[in-house]
Amino acid sequence: MASFILSIRYTAPAEAVDALRGPHVEWLKANHAAGHFIGWGRKVPLEGGIVLATGESVEAMQALANGDPFVTGGVAAVDVIEWKPSFLAPDIAGLAG
């Protein structure tokens, strides 16, 4: 398994994003339950969000990201960044994938 950062960037006004927030959160929770997502949160300032994930490949993670209701609803774009941790503190070692 590889480690990924999904960088979500809003492309629509806040009202349009907020209208899809419920389905987006359900998508996050479902992918956590499936073992793909290990953490998420909002960017500051609120211009999108970050998801920490594990998966088989960039292509598989991009396909998963493309299913985000924010993306399918046309209110956000997602950059999938693969990263290979060089160091993780023991309390977050699970981020290594």
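Cut-offs used in this document
Going along each chain's sequence as written, the residues are numbered from 1 onward. The predicted origin of the model limits local features to residues at a pLDDT of at least 70 and limits the giving and counting of side-chain atom pairs to 80 or more, whereas totals for whole chains, interfaces and linings rest on all residues. Excluded from the side-chain calculation are hydrogens and water; included are all heavy atoms of the structure. Each salt bridge in this description consists of a side-chain nitrogen of Lys or Arg and a carboxyl oxygen of Asp or Glu lying within 4 Å of one another. Each residue's exposure class comes from its accessible area (1.4 Å probe, protein chains only) as a fraction of the maximum for that residue type: buried when under 20%, exposed when over 50%, partly exposed otherwise. Helix numbering and strand numbering both begin at the N terminus, where a helix is a DSSP run of H or I of at least 4 residues and a strand a DSSP run of E of at least 2. The rule is short: rings of Phe, Tyr and Trp, with Trp giving its six-membered ring, pair when the centres are within 6.5 Å, and they are stacked under 30 degrees, edge-to-face over 60, tilted in between. Multiplying 1.5 Å by the helix residue count minus one yields the expected span of that helix. Working definition: the arc comes from the directions between the helix axis and the C-beta atoms, pointing outward to the latter. By the convention used here, residues are in contact when the closest approach between their heavy atoms is within 4.5 Å.

Undergrad: Residues and numbers for the pattern of salt bridges, please.
TA: A complete count under the given rule lists one salt bridge for this structure. Among the salt bridges present, the one from Arg-21 reaches Asp-18, with a minimum N-O distance of 2.9 Å. Owing to a relative accessible area of 17%, Arg-21 belongs among the buried residues under this scheme. For Asp-18, a relative accessible area of 45% translates into the label partly exposed.

Undergrad: Give a description of unusual backbone geometry that names residues and reports values.
TA: The residue after Val-44, namely Pro-45, is reached through a cis peptide bond having omega 5°. Along the chain, the position of Pro-45 falls in the loop between β2 (37–42) and β3 (48–55).

Undergrad: Explain the packing of aromatic side chains residue by residue, including any values.
TA: In this structure the tally under the stated criterion is two aromatic pairs. Residues Tyr-10 and Phe-70 carry aromatic rings whose centres are separated by 5.7 Å and whose planes lie at 85° to one another, so their mutual orientation is edge-to-face. Of this pair, Tyr-10 sits in strand β1 (residues 2–10) while Phe-70 sits in helix α4 (residues 69–72); the two residues are 60 residues apart in sequence, bridging distant segments of the chain. With respect to burial, Tyr-10 and Phe-70 carry one shared label: buried. Relative to Phe-37, the ring of Trp-27 lies with its centre 5.1 Å away and its plane at 70°, an arrangement referred to as edge-to-face.

Undergrad: How would you summarise helix α2 (residues 21–33) if you had to cite specific residues and measurements?
TA: The terminal C-alpha atoms of α2, which comprises 13 residues, lie 18 Å apart, in line with the 18 Å expected from a rise of 1.5 Å per residue. Residues of α2 that are buried: Arg-21, His-24, Trp-27, Leu-28 and Asn-31. Along the long axis of α2, the arc covered by the buried residues comes to 120°, so they all point the same way. Across from the buried face of α2, at angles greater than 90 degrees, the exposed residues are Glu-26 and Ala-33. Of the surrounding elements, those touching the buried residues of α2 are β1, α1 (14–19), β2, β3, α3 (58–65) and α4. Following α2 by one or two positions, Gly-35 has its phi on the positive side, about 90°.

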